[in-house]
Amino acid sequence: MKTIENLVTSQNYDLHTRLDSLVGRAVDMHRELGLTVLNVVCAMIFGHQYSINDAEFQQLEKSTTLFVRGFEYDSFIDVFPILRYLPNRRIKTLMYALSLRNPIVKKHLENHRKDFTESRHENKDLCHNLLRALADSIADGSVQKDYLTDDCLVAILDDMIGAGSETTLTVLRWSVVYLVNHPEVQEKCYEEIINVIGENQMITLEHRGSLPYCEAFIHETMRMSSIAPMAVPHKTTCNTSIGGYAIKKNTQVIFNLYALHRNPVEWSQPFTFDPSRFLDNNGKLHPPGYHRAYLPFSAGRRICLAESLAKMELFLVITGLIKKYRFVQADNEPLPSMIGVPGLFLGPKAHKVKIEKRPCR
Ligand code: HEM
């Protein structure tokens, strides 16, 4: 299987080719970035990168868009869950989205089953590794085999498409919003890239340690946007306590990551976008854990399982975009709003920006 770096690099190439044809125009980056991220997830899960004109890929794209729509925030079901048993437009949309996605997921799973035996020991994509986990658990009689039913495998793959595409996409969209609203930050990132990497060399993961300001920009984008403001709800499995507060077994517990990221006790001027808060006096990135109130991927046993993958992807896509383009306010369009719209994730309002190609120096 290709490394994540190779996957993202090849998707970056396609993204840049598409953006080149949009230079000078007012562009909504949502779809372009969405195609990139979805294709990275497909490659990881199915071991297959699509051409964006492929009908199957377009069906996956449609299902992802509808899935997000089905989670729009103003749903009464969030307040009165009992209403989910009544006919409901949102649930209908979600079911329709899954009906578009599931046959594709099932098809890939079946195709993987066909050549599983010969390639069993190879480290391939997620489909393959799930089948291997199933085969191993059958062989050693472990309990996992009871959970890895066909329905469960499809549900895991479905979840990964949802969790792996919309999250990263939302952060990428925010990064464009902040670049346009803070041109001085955009120029600083660009200058850092040009000074460290040069114009002609391609950015790789090895450059991560050498581009602290760009990394700080990504951190600050994730702090300010807090795309998963309440993470995912959890439930206590025993009587416990946090910070001296007793919490009974079976209580729903919600992390307020949004409040954490804007807590004035933890952050100076928490509402100001300032990447340099993640840097020390020598311009070096603070070590992981330095900002105890910075948890964009949540914390604990159920912390985002793809944190390191997401960070790699964000680094390669964002620095690749900054190196090649300048994003500015589009003619006759307002500046992209920095106020988020709640939904499945806290994303930016729909907006258009102008893409300029960086001149060769
Ligand atoms: C910048 C991108 C991402 C952010 C900010 C993010 C954030 C989060 C957060 C806050 C959670 C909830 C943790 C909790 O329950 O407390 C989560 C869970 C999860 N994320 Fe991510 N995520 C990102 C990218 C991804 C990607 C790329 C994938 C998969 C390829 C992924 C897969 C998952 C899964 C499967 C869970 C559930 C984990 C579990 O319940 O054990 N995420 N993520």
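As a starting point, this report considers the structure included with it. (Residues numbered from 1 in each chain as written. Predicted model: local features only at pLDDT ≥ 70, side-chain atom pairs only at ≥ 80, totals over all residues.)

**Concerning the overall build of the protein chain**
Okay, so step 1: Regarding its fold elements, the protein chain presents 12 helices and nine strands.
Okay, so step 2: Taken against the 2.2 N^0.38 rule, which gives 21 Å for 361 residues, the C-alpha radius of gyration of the protein chain at 22 Å falls within 12% of a compact globule.
Okay, so step 3: The burial tally for the protein chain puts 33% of its 361 residues in the buried class.
Okay, so step 4: For the protein chain, long-range pairs separated by at least 24 residues make up 71% of all intrachain contacts whose partners lie at least 6 apart in sequence. (Helix = DSSP H or I, 4+ residues; strand = E, 2+ residues; numbered from the N terminus. Rg over C-alpha atoms; globule rule 2.2 N^0.38 Å. Buried ≥ 20, exposed ≤ 12 C-beta atoms within 10 Å, placed from the backbone. Contact = placed C-beta atoms within 7 Å.)

**Some points on the environment of Pro229**
Okay, so step 1: With respect to the helices and strands, Pro229 occurs in the loop between α10 (212-225) and β2 (234-235).
Okay, so step 2: Each C-alpha atom of the pair Pro229 and Val27 lies 27 Å from the other, and the pair is 202 residues apart in sequence.

**Here's the deal with the packing of helix α3 (residues 55-70) against helix α4 (residues 89-114)**
Okay, so step 1: At a closest axis distance of 8 Å, the pairing of α3 and α4 adopts a crossing angle of 155°. Relative to α4, α3 is oriented roughly antiparallel. Of the two possible hands of crossing, α3 and α4 adopt the one that is left-handed. Contacts between α3 and α4 pair Glu56, Gln59, Leu60, Lys62, Ser63, Leu66, Phe67, Arg69 and Gly70 from the former with Arg90, Thr93, Leu94, Tyr96, Ala97, Leu100, Arg101 and Ile104 from the latter. (Axes fitted to C-alpha atoms, helices over the stretch in contact; angles between N-to-C directions. Parallel < 35°, antiparallel > 145°, perpendicular 65-115°, else oblique. Left-handed = near helix turned anticlockwise from the far one by under 90°.)

**Brief notes about the sheet that holds strand β6 (residues 325-329)**
Okay, so step 1: Read from one edge of the open sheet, three strands run β1-β9-β6, paired in antiparallel fashion. Of all strands in the sheet, those bounded by a partner on one side alone are β1 (26-27) and β6.
Okay, so step 2: Pairing between β1 and strand β9 (residues 353-357): two bridges, direction antiparallel. Within β9, the residue paired with Val27 across the bridge is Val353. (Pairing = 2+ DSSP bridges.)

**Re unusual backbone geometry**
Okay, so step 1: Unlike most non-glycine residues, Ala231 shows phi in positive territory, near 45°.
Okay, so step 2: You can see Ala231 is positioned in the loop between α10 and β2.
Okay, so step 3: C-beta crowding within 10 Å serves as the criterion here: with 23 such atoms nearby, Ala231 is assigned to the buried category.
Okay, so step 4: In the Ramachandran plot, Asn250 falls in the positive-phi region, its phi being about 65° despite a non-glycine side chain.
Okay, so step 5: Considering the arrangement of structural elements, one finds Asn250 in the loop between β4 (245-247) and β5 (252-253).
Okay, so step 6: A tally of 10 C-beta atoms within 10 Å means that Asn250 is categorised as exposed.

**Observations concerning the site of the ligand**
Okay, so step 1: Lining the immediate environment of the ligand, one finds 24 residues, of which Ala163, Gly164, Ser298, Cys304 and Ala306 sit closest.
Okay, so step 2: Broken down by secondary-structure element, the contributors of at least two residues to the shell around the ligand are α8 (150-181) and α12 (307-324).
Okay, so step 3: At seven residues, the largest contribution of residues to the shell around the ligand is made by α8. (Near = placed C-beta within 6 Å.)

**Some remarks on the pairing of β9**
Okay, so step 1: Strand direction decides the pairing type here: β6 and β9, joined by five bridges, are antiparallel. In the sheet register, Gln329 faces β9, and the bridge partner there is Val353.

**Some thoughts on the packing of helix α2 (residues 29-46) against α3**
Okay, so step 1: It is the contact of α2 with α3, at a shortest axis distance of 11 Å, that shows an interaxial angle of 110°. The orientation of α2 with respect to α3, classified from their angle, is roughly perpendicular. Between α2 and α3, the contacting residues are Gly34, Leu35, Leu38 and Cys42 on the first element and Leu60, Glu61 and Thr64 on the second.
Okay, so step 2: Residue composition of the contact of α2 with α3, by class: four nonpolar, two polar and one charged. (Nonpolar A, V, L, I, M, F, W, Y, C, P; charged D, E, K, R; others polar.)

**Brief notes about the environment of Asn181**
Okay, so step 1: For Asn181, the location among the structural elements is in helix α8.
Okay, so step 2: We classify Asn181 as partly exposed; it has 16 C-beta atoms within 10 Å.
Okay, so step 3: Separated by 67 residues in sequence, Asn181 and Lys248 have C-alpha atoms that sit 45 Å apart.
Okay, so step 4: Residue contacts for Asn181: discarding those within four places in its chain leaves Leu335, Pro336 and Met338.

**Here's the deal with the nonpolar core**
Okay, so step 1: Counting 69 residues, the largest nonpolar core has Val41, Ile45, Cys189, Ile318 and Val353 as the members making the most contacts within it.
Okay, so step 2: Sequence-distant contacts of Ile45, that is, excluding residues within four places in its chain, are made with Asp125, Leu126, Cys127, Leu157, Met160 and Ile161. (Core = buried A, V, L, I, M, F, W, Y, C linked by C-beta atoms within 7 Å.)

**Thoughts on helix α6 (residues 126-139)**
Okay, so step 1: The terminal C-alpha atoms of α6 lie 20 Å apart, and with 14 residues this matches the ideal 20 Å at 1.5 Å per residue to within 8%.
Okay, so step 2: Where α6 is concerned, the buried positions are Leu126, Cys127, His128, Leu130, Leu131 and Leu134.
Okay, so step 3: Looking at the buried residues of α6, the elements they touch are α2, α4, α5 (116-119), α7 (144-147) and α8.
Okay, so step 4: A positive backbone phi angle near 65° is found at Gly141, which sits one or two residues after α6. (Expected span 1.5 Å × (residues − 1).)

**Section: α10**
Okay, so step 1: When the terminal C-alpha atoms of α10 are compared, their 20 Å separation across 14 residues agrees well with the 20 Å that a helix rising 1.5 Å per residue should span.
Okay, so step 2: Burial analysis of α10 places 14 of its 14 residues in the buried class, the great majority of the element.
Okay, so step 3: Note on α10: the residue one or two positions beyond its end, Ser226, has a positive phi of about 40°.

**As for the environment of Ala43**
Okay, so step 1: For Ala43, the position within the fold is in helix α2.
Okay, so step 2: When the C-alpha atoms of Ala43 and Cys214 are compared, they prove to be 26 Å apart, with 171 residues separating the residues in sequence.

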